[in-house]
Amino acid sequence: MIRKRYTFLAGLLLSVAALGAHADSYPSRPIKVISPFPAGGATDVLTRVLAERMAKTLGQPMIVENKAGAGTSIGAAFVAREAPDGYTILMATNSTLVTNRYLYKELPYDPDGFAPIGMVGVGPLVLLSSPKRPFNSTAEVVAYAKQNPGKLTFATFGAGTSSHLAGELFKERAGIDILHVPFKGATQALPALISGDVDLFFDMVATGMPQAEAGKVKVFAITSPNRLATESTLPTLSEQGYAGFDMTAWFSFVAPKGTPAPALEKLQSALAETLKDEAVKKRMLEMGIDPRSGSPTELAQQIKNEQPVVSQLIKQANIVLQ
């Protein structure tokens, strides 16, 4: 009995020592950051901006890998299966942590099965149209759609993404029937829009506005309640007769469930410091993304606030994916 007790105590002391060693040495090697969208899109660009700055604080490289598809489910499932050691984290969006749980009958990951690192930022989308279509305003889009029900298509950067939900909310508010065409990201959707293969697209400011400014697509509105300071001439959908229209994309970092507290704390501290960096804040605002605190508390509140809104929208739109 005494020998067993000493063995137990020795094991406990070794565990505590190992935890302390992890806290002191972490991170001792590069950290992998999974972006669940293709390279070159707004989420990917944001992930790389943040990872580069966080790496300076952590003293180790942060290597971004793209694992796109299935409304962020592929990337999320990959991270959920990784060892919970702080060396693999995920750029998680609305889709990952909220929308997918209501959209899919089965998911390859648990939306509640991650350890929160922190809230990153929130950004609206812009309503774009193909330059090959006859409409030149939101009102003309709606009029055309009503005269040609089921004929117009809207691209998104994936089923269940904020782009998809913006399109569904627009359909519901405008009383129109337009067909959803999902892509794996803006880098696939934008060429289809420019060529006229699809008619409309709710895209992030960072990727959509440069195309609009270059005259390759038309831009009619923004999905936030208020205009962006960086795009002050672009009206909101609320201003155009759709009162209360509010659909944004938000971004956060999470880690596999069970990641040690010391590792999470260092990641949280690095994220919070990064979001205070003036160069990072400036870059995010240029992308149309409002920087947030980087705290896990704010992320938890964002998830809680959004769940009933998204659940109701998906139910109303009768969207179910396999």
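Before any of the text, the structure's been laid out above.
As the structure is a prediction and not an experimental result, all values here were calculated from the model. (Residues numbered from 1 in each chain as written. Predicted model: local features only at pLDDT ≥ 70, side-chain atom pairs only at ≥ 80, totals over all residues. Heavy atoms only, no water.)

### Details of the overall build of the protein chain
To be explicit about the condition: Strands are runs of DSSP state E lasting at least 2 residues, helices are runs of H or I lasting at least 4, and numbering of each runs from the N terminus. All radius of gyration figures rest on C-alpha atoms, and the globule criterion is 2.2 Å times the number of residues raised to 0.38. When a residue's accessible area, from a 1.4 Å probe over protein chains only, is under 20% of the maximum for its type it is buried; when over 50% it is exposed; and in between it is partly exposed. In what follows, residue pairs with any heavy atoms lying within 4.5 Å of each other are defined as contacts. Here Asp and Glu are counted as negative and Lys and Arg as positive; His is not counted, and neither are the chain ends. Charge coordinates come from a single atom per side chain, which is NZ of Lys, CZ of Arg, CG of Asp or CD of Glu.
Counting secondary structure elements, the protein chain contains 11 helices and 10 strands. Rg of the C-alpha trace for the protein chain: 22 Å, near the compact-globule value of 20 Å for 322 residues, within the 12% margin. Expressed along its principal axes, the backbone C-alpha trace of the protein chain runs to roughly 85 × 40 × 30 Å. Of all 322 residues assigned to the protein chain, the portion counted as buried reaches 53%. In the protein chain, 77% of the contacts between residues at least 6 apart in sequence involve partners at least 24 apart. In the protein chain, 31 side chains carry a positive charge and 28 a negative one; their mean positions are 5 Å apart.

### Examining the packing of aromatic side chains
For any two aromatic rings, the description comes down to two numbers: the centre-to-centre distance and the angle of the planes. Rule in force here: Note on aromatic pairs: the rings of Phe, Tyr and Trp (six-membered ring only in Trp) are paired at centre separations within 6.5 Å, and the planes decide the class, stacked below 30 degrees, edge-to-face beyond 60, tilted for the rest. Geometrically, a charge over a ring is one whose NZ (Lys) or CZ (Arg) sits within 6 Å of the ring centre while staying within 35 degrees of the ring normal.
Going through the model one piece at a time under the given rule, you end up with 7 aromatic pairs. On the basis of an interplanar angle of 80 degrees and a centroid distance of 6.1 Å, the ring pair of F157 and F201 is categorised as edge-to-face. Pair noted here: F157 is in the loop between β5 (153–156) and α6 (162–174) and F201 is in strand β7 (residues 200–204), with a separation of 44 residues, a long-range link. Per residue, the accessibility class of F157 equals that of F201, and both read buried. Each member of the aromatic cluster is reached from another via a ring pair, and the members are F37, F157 and F201. Sitting over the face of the ring of F78, K67 holds its NZ or CZ atom 4.5 Å from the ring centroid.

### Description of the nonpolar core
Here is the rule: Only buried residues count toward a nonpolar core, which is a set of Ala, Val, Leu, Ile, Met, Phe, Trp, Tyr and Cys residues joined through side-chain atoms within 4.5 Å.
Residues L46, L50, M62, V120, F170, F201 and F253 are the most contacted members of the largest nonpolar core, which totals 100 residues. Of all the elements, strand β4 (residues 114–129) adds the most residues to this core, at 10 residues. Apart from the residues lying within four places of it in its own chain, the contact partners of L46 are M91, V120, F251, M284, M287 and I289.

### Some words on the packing of helix α4 (residues 94–103) against helix α11 (residues 296–317)
How we decide: Axis definition: a line fitted to C-alpha atoms, limited for helices to the stretch in contact. Angles are taken between N-to-C directions and run from 0 to 180 degrees. The handedness criterion is simple: a crossing whose near helix is rotated anticlockwise from the far helix by less than a right angle is left-handed, and one whose near helix is rotated clockwise is right-handed. Classification convention: Asp, Glu, Lys, Arg as charged; Ala, Val, Leu, Ile, Met, Phe, Trp, Tyr, Cys, Pro as nonpolar; all other residues, Gly among them, as polar.
Relative orientation of the contacting elements α4 and α11 amounts to 35 degrees, with a least axis distance of 9 Å. The element α4 and its partner α11 pack so that their crossing is right-handed. Residues N94, L97, V98, T99, R101, Y102 and L103 of α4 form the contact with α11, whose own contacting residues are L299, I303, E306, Q307, V310, S311 and I314. Looking at the contact of α4 with α11 residue by residue, the class counts come to 8 nonpolar, 4 polar and 2 charged.

### Quick notes on the layout of surface pockets
Empty space left among the atoms is revealed by rolling a probe the size of a water molecule over them. Note the cut-off: Using only the protein atoms, space was sampled on a 1 Å grid; points where a 1.4 Å probe fits but cannot get out form cavities, open sets with protein on both sides within 12 Å along at least five of seven lines form pockets, and lining residues are those with an atom within 4 Å of a point. Grid points are joined across faces, edges and corners, and a volume is the space filled by probe spheres set on the points.
When its volume is computed, the largest pocket comes out at roughly 670 Å³. What lines the largest pocket is a set of 31 residues, among which V122, P225, D246, M247 and T248 lie closest to the centre. If you list the elements that add at least two residues to the lining of the largest pocket, you get β4, α6 and α11. Of the residues forming the lining of the largest pocket, the biggest block, 8 residues, is contributed by α11.

### Structural notes on the pairing of strand β9 (residues 248–256)
The test is simple: We treat two strands as partners when DSSP finds at least two bridges between them.
In terms of burial, β9 is largely enclosed, as 9 of its 9 residues are buried. When strand β3 (residues 88–93) meets β9, the two strands line up antiparallel, connected through 4 bridges. Counted as the bridge partner of T93 is F251 from β9. As paired strands, β4 and β9 are joined by 9 bridges and run antiparallel to one another. Paired with V122 across the strands is W250, a residue of β9.

### Some details on the environment of P131
Examined against the element boundaries, P131 turns out to sit in the loop between β4 and α5 (138–147). C-alpha of P131 to C-alpha of A212: the two residues are 81 residues apart in sequence and 9.6 Å apart in space. Apart from the residues lying within four places of it in its own chain, the contact partners of P131 are L193, I194, K216, V217 and K218.

### Some points on helix α7 (residues 186–195)
Heads up, the rule is: As used here, the arc is the angular range of directions from the helix axis to the C-beta atoms.
All buried positions along α7 are accounted for by A186, A189, L190, A192 and L193. In an axial view of α7, the angular spread of the buried residues amounts to 165 degrees, which keeps them on one side of the axis. Turning to α7, the residues buried within the fold contact β4, β5, β7 and α8 (205–213). Count one or two residues on from α7 and you reach G196, which has phi positive near 90 degrees.

### A look at empty space enclosed by the protein
The full count for this structure, using the stated rule, is 2 cavities of 30 Å³ or more. Quantified by volume, the largest cavity comes out at close to 90 Å³. As for the largest cavity, its lining consists of F37, P38, G41, A42, T43, F157, G185, A186, T187, D203, M204 and T207. Secondary-structure elements contributing two or more residues to the lining of the largest cavity are α2 (42–58), α7 and β7. Of the voids in this model, the second largest cavity is the one considered here, and its volume is about 70 Å³. Looking at the lining of the second largest cavity, the elements that each hand over two or more residues are α4 and β9.

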